[in-house]
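Summary of the model geometry
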Amino acid sequence: MNNSPLRVLTVPTSPYADQRPGTNGLRRKVHVFQSRRNYLHNFIQSIFSSIDLRDRQGSTVVVGGDGRFFNQTAIEVIVQMAAANGVGRLIVGHHGLMSTPACSCVIRKFKAIGGIILTASHNPAGPDGDLGIKFNTANGGPANDAVTNKIYQISRTIEEFAICPGLRLDLTTVGKQTFDLENKFKPFIVEIVDAVESYANLMRNIFDFAALKELLSGENHITIRLDAMHGVVGPYVKRILCEELGCPANSAVNCVPMEDFGGQRPDPSLIYAADLVDSMRDGEPDFGAAFDGDGDRNMILGKHGLFVSPSDSVAIIADNIFCIPYFQHRGVRGFARSMPTSAALDRVAKATKIELYETPTGWKFFGNLMDAGGDHIREKDGLWAALAWLSILATRRQSVEDILKYHWLKYGRNYFTRYDYENIDIDAACEMMEDLEIMIADKSFVKRRFAVEDKIYQVEMADNFEYTDPVDSSITRNQGLRINFSDGSRIIYRLSGTSSGGATVRIYLESYEKEHVFEETQVVLSPLATIAIKISQLHHRTGRTGPSVIT
Ligand code: ZN
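Values in this document were obtained by computation on a predicted structure and should not be read as measured data. (Residues numbered from 1 in each chain as written. Predicted model: local features only at pLDDT ≥ 70, side-chain atom pairs only at ≥ 80, totals over all residues. Heavy atoms only, no water.)

Let's talk about the coordination of the zinc ion
Here is the rule: Note on donors: an N, O or S atom is included if it sits within 2.8 Å of the metal, or within 3.2 Å for Na, K and Ca, and water is never included, so sites can look incomplete. Burial classes: relative accessible area under 20% of the type maximum marks a residue as buried, over 50% as exposed, and values in between as partly exposed (1.4 Å probe, protein chains only).
Around the zinc ion, the protein supplies Ser121 (OG), Asp292 (OD), Asp294 (OD) and Asp296 (OD) as donor atoms, at distances of 2.0 to 2.1 Å. The sequence pattern formed by the donor residues of the zinc ion is S-x170-D-x1-D-x1-D. This pair shows no difference in class: Asp292 is buried, exactly as Asp294 is.

Right under this line is the structure:
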């Protein structure tokens, strides 16, 4: 407790025009936050001002981040501003760390009105890297459009912010710290919490830890290798997998969170997690997984580095959902996947007669569905998905490869790939999307046939995907141009801007094969890729000869 009450200051500021939060919050280069005066303060004040004063006074708010460069600096400012804005209690992760899924769990556990998460997911970190600020609401999920619009509107006219500049926090010690503020009767409370333990507790209530322990450290145990990529998930992996479930210490690598993620991009893909793939290729491990910076994504591997595509991974978890005790007891009321994710999950939903929801990209759309009582599979919790896979291995006692092949033989295979064209001239990209939308909106586009080599694809449906939330009826438009063909194949185009000025065009290609399920993905999808490029004239318009990344 400080001796004299801390001063609350009101500081004049001027607005910025570009603080509209995207699907992933406000994501900018670190130097934008560092060099533009009050850029961080303005946005944080806009978040607090968006909450009605009556709800804000004395409320609880959660703060945490993925540990990237500027994480701690930003947290210090947020704490000082929360105190000055009437928040009664802040729940902050130890050392300022909290994975995105854990933040969601902690918001619910402490009945907070929301949480501020500092992350830019799998984007690079460091002085030249990115930082993002996300605001999640009381349901634990990302704020909906109404809330983010309100934040944006406030940010455009902001004139001042409130702050307690003298407030100094100790992030290194778990426990309660209290601060007396000028003109306030009640002290401001900060609780530094062990978010890893809160999250582990949630997992204990979902999975059969005894069975997992037997799988991972019993007499006939399998070996696994987990790569936390120096993101925030490392301590969760260590606590849950190593300490509690008995995996040897050397089965978890890169588990110390670092400000620059060790100089690597914390992206759990074949490209950026190549070390894990290489180490598994000639090695013993039966199962491997890598996690992104903030822990909502993962990559699943089988023995010798066998890659399980994210779409297949979700579908296989769904097909085996009753290997998980939580769902045995509670049942499953629906599956949800984002629109560009392959339709592999749809086939499981159809076979099991469980409802499927197709939502826009972004975890926020799952929040409403989950709140509405459907325990939908969460597409976005990397460690949860790894534990789900281990539960399947524990129940079925088969290899990842056998499980994958069995799944394809049972349901057929949705071949799926994504082409990313990065740093495209933004005008060329916008023009391409506009022309494409006009073209596919024309009635004559449906039924059109495209032939490449001996394959013929006929358009069945084409649109600009929009989503009506089944719970609150809100409509989200412009989620990507999609062309569905009569054989179940799909081409999807999405455009996203980046902070560095260029645009990224993503083309998702998907082809369904009932019988030929053991072919090479890129070979199967090559005719469709040719069509996608031809329809959009992407190469011609941008001068590119191929994608920057194929995943
Ligand atoms: Zn992420």
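Don't stop here, the text continues.
Quick look at a negative patch on the surface
Rule in force here: Here a patch means residues that are over 30% exposed by relative accessible area and free of salt bridges, tied together within 9 Å if like-charged and within 5 Å if nonpolar (Val, Leu, Ile, Met, Phe, Trp, Tyr). Only the protein chains shown count as cover for residues, and the accessible areas themselves come from Shrake-Rupley with a 1.4 Å probe. Here, a salt bridge means any side-chain nitrogen of Lys or Arg that lies within 4 Å of a carboxyl oxygen of Asp or Glu. Charge assignment in this entry is limited to Lys and Arg as positive and Asp and Glu as negative, and neither His nor the chain termini are counted. Every charge is mapped onto a representative atom, which is NZ of Lys, CZ of Arg, CG of Asp or CD of Glu. Only DSSP runs of H or I reaching four residues or more are called helices, and only runs of E reaching two or more are called strands; each is numbered from the N terminus.
Side chains of Asp425, Asp427, Glu431, Glu434 and Glu437 sit close together on the surface and give a patch of like negative charge. Residue position: Glu437 is located in helix 17 (residues 426-441).

So, the packing of helix 11 (residues 310-319) against helix 15 (residues 382-396)
To describe two helices that pack against each other, one gives the angle between their axes and the distance between the axes. Here is the rule we go by: Lines fitted to C-alpha atoms define the axes, with helix axes restricted to the stretch in contact, and inter-axis angles between N-to-C directions lie between 0 and 180 degrees. We call two directions roughly parallel when the angle between them is under 35 degrees, roughly antiparallel when it is over 145, roughly perpendicular when it lies between 65 and 115, and oblique otherwise. The crossing is said to be left-handed when, going from far helix to near helix, the turn is anticlockwise and less than a right angle, and right-handed when the turn is clockwise. In what follows, residue pairs with any heavy atoms lying within 4.5 Å of each other are defined as contacts. Amino acids outside the nonpolar list (Ala, Val, Leu, Ile, Met, Phe, Trp, Tyr, Cys, Pro) and the charged list (Asp, Glu, Lys, Arg) are all regarded as polar, and Gly is one of them.
Orientation of helix 11 relative to helix 15, taken along the N-to-C sense of each, is 55°, at an axis distance of 10 Å. The pairing of helix 11 with helix 15 is recorded here as oblique in orientation. When the axes of helix 11 and helix 15 are compared, the crossing they make is left-handed. Contact residues: helix 11 offers Ser313, Ile316 and Ile317, while helix 15 offers Trp384, Ala385, Ala388, Trp389 and Ile392. Classifying every residue of the contact of helix 11 with helix 15 by side-chain character gives seven nonpolar, one polar and no charged.

What about the pairing of strand 13 (residues 298-302)?
Let me state the cut-off plainly: Pairing between strands requires that DSSP locate at least two bridges from one strand to the other.
Here strand 13 lies mainly inside the structure; five of its five residues are buried. The side-chain alternation of strand 13 yields two buried faces, one formed by Asn298, Ile300 and Gly302 and the other by Met299 and Leu301. In terms of strand pairing, strand 12 (residues 287-291) meets strand 13 through five bridges, oriented antiparallel. Bridging across to strand 13, Ala289 finds its partner in Ile300. Between strand 12 and strand 13, which follow one another and run antiparallel, lie six residues, and Gly295 among them has a positive phi close to 90°. Relative to strand 14 (residues 307-308), strand 13 runs antiparallel, the two sharing two bridges.

As for the pattern of salt bridges
Applying the stated criterion to the full structure yields 25 salt bridges. Salt-bridge contacts for Glu358 lead to Arg482; the nearest nitrogen and oxygen are separated by 3.4 Å. Note that Glu358 is positioned in strand 16 (residues 356-359) and Arg482 in strand 22 (residues 481-485), a separation of 124 residues in sequence. A residue is classified by how much of its surface remains accessible, and Glu358, at 22% relative accessible area, is partly exposed.

Section: the packing of aromatic side chains
Here is the rule we go by: Aromatic rings from Phe, Tyr and Trp, with only the six-membered ring used for Trp, were paired whenever their centres fell within 6.5 Å, and each pair was classed as stacked if the ring planes differed by under 30 degrees, edge-to-face if by over 60, and tilted otherwise.
In this structure the tally under the stated criterion is twelve aromatic pairs. Between Phe33 and Tyr39, the aromatic rings sit 5.6 Å apart at their centres with planes inclined by 75°, giving edge-to-face as the arrangement. Neither residue differs from the other here; Phe33 and Tyr39 are each classed as buried. Plain terms: the ring middles of Phe327 and Trp384 are 6.4 Å apart, the flat faces sit at 90° to each other, and that makes the pair edge-to-face. On the criterion of sequence distance, the pair formed by Phe327 in helix 12 (residues 325-330) and Trp384 in helix 15 is long-range, its members being 57 residues apart.

Description of the environment of Gly302
Inspection of the secondary structure puts Gly302 in strand 13. Looking at Gly302, the relative accessible area reads 0%, which means it is buried. In this structure the C-alpha to C-alpha distance between Gly302 and Met439, which are 137 residues apart in sequence, comes to 42 Å. If we ignore the near neighbours within four places in the chain, the residues touching Gly302 are Met280, Asp286 and Val400.

Focus on the sheet that holds strand 12
In space, the five strands of this open sheet follow the order 11-10-12-13-14, with mixed pairing throughout. The outermost strands of the open sheet, each flanked by one partner alone, are strand 11 (252-253) and strand 14. On the sheet, helix 10 (residues 274-281) packs against strand 10 (224-227), strand 12 and strand 13 and is oriented at approximately 10° with respect to strand 13.

Some words on the domain arrangement of the protein
To be explicit about the condition: Each domain span listed reflects an automatic or database assignment of domains.
Each assigned domain of the protein is listed with its residue range as follows: domain 1 (9-193), domain 2 (199-308 + 382-396) and domain 3 (413-550). Computed from C-alpha coordinates alone, the two centres of domain 2 and domain 3 are separated by 32 Å.

Concerning the sheet that holds strand 8 (residues 175-179)
The sheet built from seven strands is open, its strands ordered 2-6-5-3-4-9-8 with mixed pairing. Only two strands of the sheet have a single partner each, and these edge strands are strand 2 (26-29) and strand 8. Direction aside, neighbouring strands of the sheet carry axes that sit 20° apart on average. Strand direction decides the pairing type here: strand 2 and strand 6 (residues 130-137), joined by four bridges, are antiparallel. Considered in strand 6, the bridge of Arg27 is made with Gly132.

Observations regarding helix 2 (residues 39-50)
Residues lying three or four places apart along an α-helix face the same way, a consequence of the helix completing one turn every 3.6 residues. Going by this rule: For a helix, the expected span equals 1.5 Å multiplied by the number of residues minus one.
The terminal C-alpha atoms of helix 2, which comprises twelve residues, lie 17 Å apart, in line with the 16 Å expected from a rise of 1.5 Å per residue. The element helix 2 is extensively covered by neighbouring structure, given that eleven of its twelve residues are classed as buried. Along helix 2, the residues classified as buried are Tyr39, Leu40, His41, Asn42, Phe43, Ile44, Gln45, Ser46, Ile47, Phe48 and Ser50.

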